[in-house]
Amino acid sequence: QLGALPMPDGPAGGQPNVVLFLRDLTSARRLEAMRVDFVANASHELRTPLASLLGFIETLQGPARNDAPARERFLGIMKIQAHRMTRLIDDLLSLSRIELREHVAPTKAVDLARIARQMVETQGPLARERGVELTLEAEGVHRVPGERDELLRVVENLVENAVKYGGSGGRIVVAVTRVAEPPRRAQVVLAVRDEGPGIAPEHIPRLTERFYRVDVASSRDQGGTGLGLAIVKHIVNRHRGRLAIESALGAGTTVRAFFPEYVAERDETAETIPG
Ligand code: ADP
């Protein structure tokens, strides 16, 4: 840990500059390594469905040319692979758009409870088809300074994960609450809780890394790209919030996102009260 080296106080010591320089270099190297990893992972993720598509095209041009049932089956698989590539590219674009804006915190008041309510209504039928009951625990209005589409994406990704990995027969609860511990600014907490198989502790700190999956095959079967929680983390960061994943094998998973509560700059009610 270079940061823990004793630092002489005055310029006469001569060393502080060297220490800072080394620290910068280390973080620059780490960033560069992350970038290289990311490009390698993204290329690999795109290459896999692409190789399968090319294989099917060759088969359709050759051995399966006159085999109508085989042609139908192969075209079906090709469509799934093409959709997978589209989803991956969409997620990569979302991620880079959010990262570009990450230093600018959103300021508009957005009701997180309303977004959660909408998501439960739209995703409820899909969850039911999978034998899962999706319910909402949110009362009243819970506003945060935010970007509506991005917050919608957070709730959507977390609910989709709970449905995909939560197993069937259970319950998923989406809750929006307020936590106030004065003198700290009040927080609005979004929690998505499932009763699925849970996640082993060694995986939890890595779940928000791009392309990290506990079980790659099951993620692919479910149409996952491995970017969902990375997108969620970046959106939460942009909103100056915090993400917490709590899970244990056999005990389900709860993902919480804490956002600062919206505070009106002036008394808005003054305008709506007549007289
Ligand atoms: P994916 O596109 O694979 O769903 P995510 O970034 O959304 O990618 O999630 C990363 C991994 O975390 C998933 O592949 C899955 O293994 C695990 N995971 C996410 N949510 C849950 C959950 N609610 N229960 C169990 N595992 C989960």
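The structure we're discussing is the one just above.
Residues numbered from 1 in each chain as written. Predicted model: local features only at pLDDT ≥ 70, side-chain atom pairs only at ≥ 80, totals over all residues. Heavy atoms only, no water.

**Student:** Would you mind showing me how to read the overall build of the protein chain here?
**Tutor:** When you go through the protein chain residue by residue, the secondary structure sums to seven helices and seven strands. Seen in sequence order, the protein chain has helices and strands lined up from the N terminus as α-α-β-α-β-β-α-β-β-α-α-β-β-α. Looking at the protein chain as a whole, 38% of its 275 residues are labelled buried. At a minimum sequence separation of 6, the contacts of the protein chain that also span at least 24 residues come to 68%. For the protein chain, the accessible area works out to roughly 16700 Å², and carbon and sulfur atoms hold 55% of it. (Helix = DSSP H or I, 4+ residues; strand = E, 2+ residues; numbered from the N terminus. Buried < 20%, exposed > 50% of the residue type's maximum accessible area, 1.4 Å probe, protein only. Contact = heavy atoms within 4.5 Å. Areas by Shrake-Rupley, 256 points an atom, 1.4 Å probe, with all protein chains shown as cover.)

**Student:** Help me out: how do you make sense of the site of the ligand in this one?
**Tutor:** Around the ligand sit 18 residues, and of these Tyr165, Ser219, Thr225, Gly226 and Leu229 come closest. Within the contact set of the ligand, an oxygen atom lies 3.0 Å away from a side-chain nitrogen or oxygen of Lys164. Backbone polar atom of Gly228 to an oxygen atom of the ligand: 3.3 Å apart, as the coordinates give it. In the complex, 95% of the free accessible area of the ligand, which totals 530 Å², lies under the protein chains. When contributions to the shell around the ligand are tallied by element, the ones reaching two or more residues are helix H4 (148-165) and helix H6 (228-238). Considering each element in turn, the shell around the ligand owes the most residues, four residues, to H4. Residues that form the shell around the ligand fall into these classes: eight nonpolar, seven polar and three charged. (Near = heavy atom within 4 Å. Polar contact = N/O pair within 3.5 Å; in protein donor to acceptor, adjacent residues only side chain to side chain. Nonpolar A, V, L, I, M, F, W, Y, C, P; charged D, E, K, R; others polar.)

**Student:** Can you help me understand helix H2 (residues 68-101) in this one?
**Tutor:** Residues spaced three or four apart along an α-helix point in a common direction, a consequence of the helix completing one turn every 3.6 residues. For H2, built from 34 residues, the straight-helix expectation of 50 Å at 1.5 Å per residue is met to within 8% by its first-to-last C-alpha distance of 50 Å. All buried positions along H2 are accounted for by Ala70, Phe74, Met78, Gln81, Arg84, Met85, Leu88, Asp91, Leu92, Ser94, Leu95 and Ile98. (Expected span 1.5 Å × (residues − 1).)

**Student:** Can you help me understand H6 in this one?
**Tutor:** Taking burial as the measure, the 11 residues of H6 include eight buried ones, the bulk of the element. For H6, every residue scored as buried is listed here: Leu229, Ala230, Ile231, Val232, His234, Ile235, Val236 and Arg238. Trailing H6 by a residue or two, Arg240 shows a phi angle of about 60°, which is positive.

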